[in-house]
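Listed below are the residues making up each chain.
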Amino acid sequence: MSSARIVLYSSAKCPFAHRTRIALKVAGASYDLSEIDLRSKPKWYTENVNTAGKVPALSYGAPADSSVEDPPKDVVVLPESGVIVDFVASLFPIIDYTDVVKRAQANLAAVQYEALVAPHWGKLQWGGGSPEALEAVLKGLGEWTATYLPEFMVSGEEFGVGDIKLGPFVTRLFLFSEHDVGVWPEGTGDKITQALQGEEFADLRQYAKRLGEWSDLKNTVNEDDVVDALGKMMKGMWAARQAPKQ
Ligand SMILES: N[C@@H](CCC(=O)N[C@@H](CS)C(=O)NCC(=O)O)C(=O)O
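Residues numbered from 1 in each chain as written. Predicted model: local features only at pLDDT ≥ 70, side-chain atom pairs only at ≥ 80, totals over all residues. Heavy atoms only, no water.

Undergrad: Even after reading the chapter, I still don't get the site of the ligand, so can you show me in this structure?
TA: The immediate surroundings of the ligand are formed by Cys14, Pro15, Phe16, Leu38, Lys41, Gly53, Lys54, Val55, Pro56, Glu80 and Ser81. Within the side chain of Lys41, an N or O atom sits 2.7 Å from an oxygen atom of the ligand. Between a nitrogen atom of the ligand and a side-chain N or O atom of Glu80, the distance comes to 2.9 Å. Taken by itself the ligand offers 510 Å² of open surface, and the protein chains cover 71% of this. Residues belonging to the shell around the ligand are distributed by class as follows: six nonpolar, two polar and three charged. (Near = heavy atom within 4 Å. Polar contact = N/O pair within 3.5 Å; in protein donor to acceptor, adjacent residues only side chain to side chain. Areas by Shrake-Rupley, 256 points an atom, 1.4 Å probe, with all protein chains shown as cover. Nonpolar A, V, L, I, M, F, W, Y, C, P; charged D, E, K, R; others polar.)

Structure below.
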């Protein structure tokens, strides 16, 4: 248990920040939330909290009366969502699986998702939705599902740190496809959804469904807002890319 003050710097639509909110929610931790508007990032955030300018960041042990905008220089401030989730698990071990092998396997699944799927998904969603990019996502997902997604994550009763790290990414893969949220031609999301109906993705679909029903994941972000805001932004980016150059 921790009694030191925790301040989380977060942005509601960021999947990395979402990870840290789930971890703190599962832990039942009390914390102060500082919402950072990434489109109009406050100067104090980059100057005083995270020089990289990214969310999330978490400060630990700031005096109760100190300003969230200017934590004392000797206060620990952690950037990087994975490090923050692991730190929360060190403070509140209850958030991880009790079985150490499950812990390791779920963490491995999270690490391998970042290696095998996330970069390809980024190119697909932000880069025009080409058939080649979709092929790369499906190949990565197929390998990940077959090799790194253990049965206990697909149909078990518990969740742990690996699921916290994966949750926002796996759920958004399906959510964004379903709602056609991408810098891509209209209808690309349907093609992805169709492609994910293959038998090789049965466990992935089941895992995404399980995560989607997890109250600690659902209640830490408003999915409708995420779909609405990112959908509009990405549609606009796609339209601007198609406009003839002057
Ligand atoms: N590796 C970082 C990635 C964090 C990240 O990329 N956050 C994005 C928002 S989702 C960000 O803050 N971008 C800076 C910006 O938009 O100015 C982590 O895991 O925390």
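Undergrad: It is not clear to me how the side chain of Thr145 should be interpreted in this structure. Could you clarify?
TA: Mapped onto the fold, Thr145 is located in helix H6 (residues 131–148). Of note is the side chain of Thr145, whose polar atom sits 2.7 Å from the backbone oxygen of Leu141. Excluding its chain neighbours within four sequence positions, the residues that come into contact with Thr145 are Glu200, Asp203 and Leu204. (Helix = DSSP H or I, 4+ residues; strand = E, 2+ residues; numbered from the N terminus. Contact = heavy atoms within 4.5 Å.)

Undergrad: When you look at the pattern of salt bridges in this model, what are you seeing that I'm missing?
TA: Between side chains of opposite charge, a pair can form when the charged atoms approach closely. A complete count under the given rule lists ten salt bridges for this structure. In this structure, the salt-bridge partner of Arg39 is Asp37, at a minimum N-O distance of 3.7 Å. Residue Arg39 is classed as exposed on the basis of its relative accessible area, which comes to 76%. The salt bridge partner of Lys165 is Asp86, with a shortest N-O separation of 2.9 Å. Separated by 79 residues along the polypeptide, Lys165 in helix H8 (residues 161–178) and Asp86 in helix H3 (residues 81–91) bring together distant segments of the chain. Owing to a relative accessible area of 10%, Lys165 belongs among the buried residues under this scheme. (Salt bridge = Lys/Arg side-chain N within 4 Å of Asp/Glu carboxyl O. Buried < 20%, exposed > 50% of the residue type's maximum accessible area, 1.4 Å probe, protein only.)

Undergrad: Help me understand the packing of aromatic side chains, please; the structure alone is not making it clear to me.
TA: One pair of aromatic rings is described through two measures. These are the centre distance and the angle between the planes. In this structure the tally under the stated criterion is nine aromatic pairs. When the centroid spacing of 5.7 Å and the interplanar angle of 45° are considered together, the rings of Tyr9 and Tyr45 count as tilted. You can see Tyr9 sitting in strand S1 (residues 6–10) and its partner Tyr45 sitting in helix H2 (residues 43–49), a full 36 residues away along the chain. Residue Tyr9 is classed as buried on the basis of its relative accessible area, which comes to 0%. Of the residues examined, Tyr45 reaches a relative accessible area of 0% and is grouped as buried. A centroid spacing of 4.0 Å and a plane angle of 15° characterise the contact between Phe159 and Trp214, whose relative ring orientation is stacked. With Phe159 in the loop between helix H7 (151–155) and H8 and Trp214 in the loop between helix H10 (202–212) and helix H11 (215–218), the pair connects residues that are 55 residues apart, well separated along the chain. (Phe/Tyr/Trp six-rings, centres within 6.5 Å; stacked < 30°, edge-to-face > 60°.)

Undergrad: Would you mind going over H6 with me for this structure?
TA: Along an α-helix, residues three or four apart share an orientation, since each turn contains 3.6 residues. With 18 residues, H6 extends 25 Å between its outermost C-alpha atoms, agreeing within 8% with the 26 Å of an ideal straight helix rising 1.5 Å per residue. Regarding H6, the residues found buried are Ala133, Leu134, Val137, Leu138, Gly140, Leu141, Trp144 and Thr145. One face of H6 carries all of its buried residues, which in axial projection span an arc of 165°. Projecting away from the buried face of H6 at angles above 90 degrees are the exposed residues Pro131, Glu132, Glu135, Lys139 and Ala146. Turning to H6, the residues buried within the fold contact helix H4 (100–116), helix H5 (118–126), H8, helix H9 (188–195) and H10. (Expected span 1.5 Å × (residues − 1). Arc of directions from axis to C-beta.)

Undergrad: Just checking my understanding: could you explain the environment of Ala17 for this structure?
TA: Here Ala17 shows up in helix H1 (residues 15–27). A residue is classified by how much of its surface remains accessible, and Ala17, at 0% relative accessible area, is buried. Along the primary structure Ala17 and Gly53 are separated by 36 residues, whereas in three dimensions their C-alpha atoms are 13 Å apart. Look past the residues within four positions of Ala17 in its chain and what remains in contact with it is Ser10, Ser11 and Pro56.

Undergrad: Looking at this structure, how should I read the side chain of Arg21?
TA: Within the secondary structure layout, Arg21 lies in helix H1. Contact partners of Arg21, with chain neighbours within four places excluded, come to Leu8, Ser10, Tyr31, Leu33 and Thr220.

Undergrad: Can you walk me through the domain arrangement of the protein in this structure?
TA: A common way to state how big an interface is: give the accessible area lost once the parts meet. As assigned here, the protein comprises domain 1 (6–93) and domain 2 (96–242). Measuring from the centre of the C-alpha atoms in domain 1 to the corresponding centre in domain 2 gives 24 Å. Facing 17 residues of domain 1, the contacting portion of domain 2 comprises 17 residues. Interface of domain 1 and domain 2: buried area, both sides summed, is about 1,700 Å²; carbon and sulfur atoms make up 66% of it. Contact with domain 2 buries surface across domain 1, with Lys13, His18 and Arg19 losing the most and accounting together for 36% of the total. Between the two partners, domain 1 and domain 2, sit three salt bridges. The shortest N-O distance in the salt bridge between Glu114 and Arg19 comes to 2.6 Å. (Domains from an automatic or database assignment. Buried area = accessible area lost by both parts, 1.4 Å probe.)

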